[in-house]
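Chain by chain, the residues run as shown.
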Amino acid sequence: MAIHLNNFRSPSATFVQRVKWLLIVLGMMPLLRLIAGFPLGWLGANPIEFITRSTGTWTIVGIAVTLSITPLRKLLNWPWLIRLRRAAGLLAFFYASLHFTTYIWFDRFFDVDDIIKDIIKRPFITVGFAAFVLLIPLAATSKNSIIKKLGAKRWQRIHYLIYLIAILAVIHYWWLVKKDLTQPIIYAVVFAVLLGVRLIWKLRSVSSEKPPLVAKPPSD
Ligand code: HEM
């Protein structure tokens, strides 16, 4: 039985809701693995390092998934994909919070002076911290009532920060890696493509004198 992409152009609200729940359930799997892995000994000889790396990885993956939604929506002509973007972004923020908490708790034992010194001293921590701080206004303005209060234009301006966050995330990863740069290079290429297509669309829309493409706030 052939499944046509066209069949997914305007699915029912129930289908979209189910896909959103699937994304959330899948997004919780890495956390479940960490919770179960602790007593079961899946986290290796250094569980704290494992948790820091895993939560960092899922933060950057979450950012990549969030940034993929608009290009995919346009390429596939599936407008409803936009309704998954908020969940993807909040998952990225959730893992960033776990990542930061692991660092301040198990790496720095809540020693505020030590944390501040480390943020200033180690450039990869400075950049990671900046990316995390910039994620906060995005998460804080994700509720419908706040989007309404802000208005679409202002909301959109705040959410352009995601491009800077993606760049900072790659720099953070690049600078912390000691030898093998394969992983940060892969993320750098992925983000270059995801930001590059937007730039091309923007330039095209300007040259054809159509109103510029605007990122739509979530409508559900
Ligand atoms: C948006 C924000 C952030 C992203 C996307 C991110 C991403 C990552 C990634 C991908 C890794 C490496 C995972 C691996 O080795 O497989 C990592 C490691 C790490 N990150 Fe972050 N991070 C962020 C914020 C932060 C913040 C705020 C801190 C602390 C202030 C931090 C501290 C660390 C540390 C200590 C490591 C482990 C370094 C090592 O193993 O030597 N990160 N992060």
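The structure we're discussing is the one just above.
Rules and cut-offs
- Residues numbered from 1 in each chain as written.
- Predicted model: local features only at pLDDT ≥ 70, side-chain atom pairs only at ≥ 80, totals over all residues.
- Helix = DSSP H or I, 4+ residues; strand = E, 2+ residues; numbered from the N terminus.
- Expected span 1.5 Å × (residues − 1).
- Buried ≥ 20, exposed ≤ 12 C-beta atoms within 10 Å, placed from the backbone.
- Contact = placed C-beta atoms within 7 Å.
- Near = placed C-beta within 6 Å.
- Nonpolar A, V, L, I, M, F, W, Y, C, P; charged D, E, K, R; others polar.
- Axes fitted to C-alpha atoms, helices over the stretch in contact; angles between N-to-C directions.
- Left-handed = near helix turned anticlockwise from the far one by under 90°.
- Parallel < 35°, antiparallel > 145°, perpendicular 65-115°, else oblique.
- Core = buried A, V, L, I, M, F, W, Y, C linked by C-beta atoms within 7 Å.
- Bend = angle between axes of the 7 residues up to and from the residue.

Novice: What's the story with helix α8 (residues 161-176) in this structure? I'm lost.
Specialist: Between the first and last C-alpha of α8 there are 22 Å, a value that for 16 residues agrees with the 22 Å anticipated at 1.5 Å per step. Looking only at α8, the buried set comprises Ile-162, Ile-165, Ala-166, Leu-168, Ala-169, Val-170, His-172 and Tyr-173. Against α2 (47-76), α5 (123-140), α7 (152-159) and α9 (182-207) lie the buried residues of α8.

Novice: How do you make sense of unusual backbone geometry when you look at a structure like this?
Specialist: Note: most residues except glycine have negative phi, and most peptide bonds are trans. The residue Asn-77 is not glycine, and still its phi comes out positive at about 60 degrees. One non-glycine residue, Phe-110, adopts positive backbone phi at about 60 degrees. Using a count of 9 C-beta atoms within 10 Å as the deciding quantity, one classes Phe-110 as exposed.

Novice: Looking at this structure, I do not really get the site of the ligand. What am I missing?
Specialist: Within the structure, the ligand sits among 23 residues, and Gly-56, Gly-128, Ala-131, Phe-132 and Ala-169 are positioned closest to it. At the level of elements, α2, α3 (85-107), α5 and α8 are the ones that each hand at least two residues to the shell around the ligand. Taken together, the residues of the shell around the ligand break down into 13 nonpolar, 7 polar and 3 charged.

Novice: How should the environment of Ile-51 be read in this particular structure?
Specialist: Looking at the element boundaries, Ile-51 is found in helix α2. The buried category is assigned to Ile-51, around which 21 C-beta atoms lie within 10 Å. Once the C-alpha coordinates of Ile-51 and Trp-80 are considered, the two residues, 29 residues apart in sequence, prove to be 34 Å apart. Among residues more than four places away in sequence, those in contact with Ile-51 are Leu-34, Leu-43 and Thr-102.

Novice: Can you walk me through the packing of α2 against α8 in this structure?
Specialist: Axis separation between α2 and α8 bottoms out at 11 Å; the angle between their running directions is 145 degrees. When the axes of α2 and α8 are compared, the crossing they make is left-handed. Judged by residue contacts, Ile-60, Ile-63, Thr-66 and Leu-67 of α2 engage Ile-162, Ile-165, Ala-166, Ala-169 and Tyr-173 from α8.

Novice: Help me out: how do you make sense of the environment of Arg-53 in this one?
Specialist: Tracing the backbone shows Arg-53 in helix α2. Separated by 145 residues in sequence, Arg-53 and Arg-198 have C-alpha atoms that sit 29 Å apart.

Novice: Could you clarify how one ought to interpret the packing of α8 against α9 in this entry?
Specialist: The angle between the axes and the distance between the axes are what describe a pair of packed helices. One way to put it is that α8 packs onto α9 with a least axis distance of 9 Å and a crossing angle of 165 degrees. Comparing their axes, α9 and α8 come out roughly antiparallel. Crossing hand, α8 versus α9: left-handed. Facing α8, whose interface residues are Tyr-163, Ala-166, Ile-167, Val-170, Tyr-173 and Trp-174, α9 presents Gln-183, Pro-184, Tyr-187, Ala-188, Phe-191 and Leu-195. Here the residues of the contact of α8 with α9 are counted per class, giving 11 nonpolar, 1 polar and no charged.

Novice: How do you make sense of the nonpolar core when you look at a structure like this?
Specialist: For soluble globular proteins, the rule of thumb is that nonpolar side chains tend to be buried together. Core analysis: the biggest nonpolar cluster contains 33 residues, and Ile-165, Ala-166 and Ala-169 have the highest contact counts within it. Per element, the largest residue contribution to this core is 10 residues, and it comes from α3. Setting aside chain neighbours within four positions, we find Ala-169 in contact with Ile-60, Ile-63 and Ala-131.

Novice: Can you help me understand helix α1 (residues 13-40) in this one?
Specialist: Residues spaced three or four apart along an α-helix face the same direction, because each turn holds 3.6 residues. Compared with an ideal rise of 1.5 Å per residue, which puts 28 residues at 40 Å, α1 spans 40 Å between its outermost C-alpha atoms and is within 8% of the ideal. For α1, the principal kink sits at Pro-30 and spans about 30 degrees. Of all 28 residues in α1, 1 are buried, a share of ten percent or less. Once α1 finishes, Gly-41 follows within two positions and takes phi at roughly 75 degrees, a positive value.

By themselves, these observations are geometric and do not establish any function.
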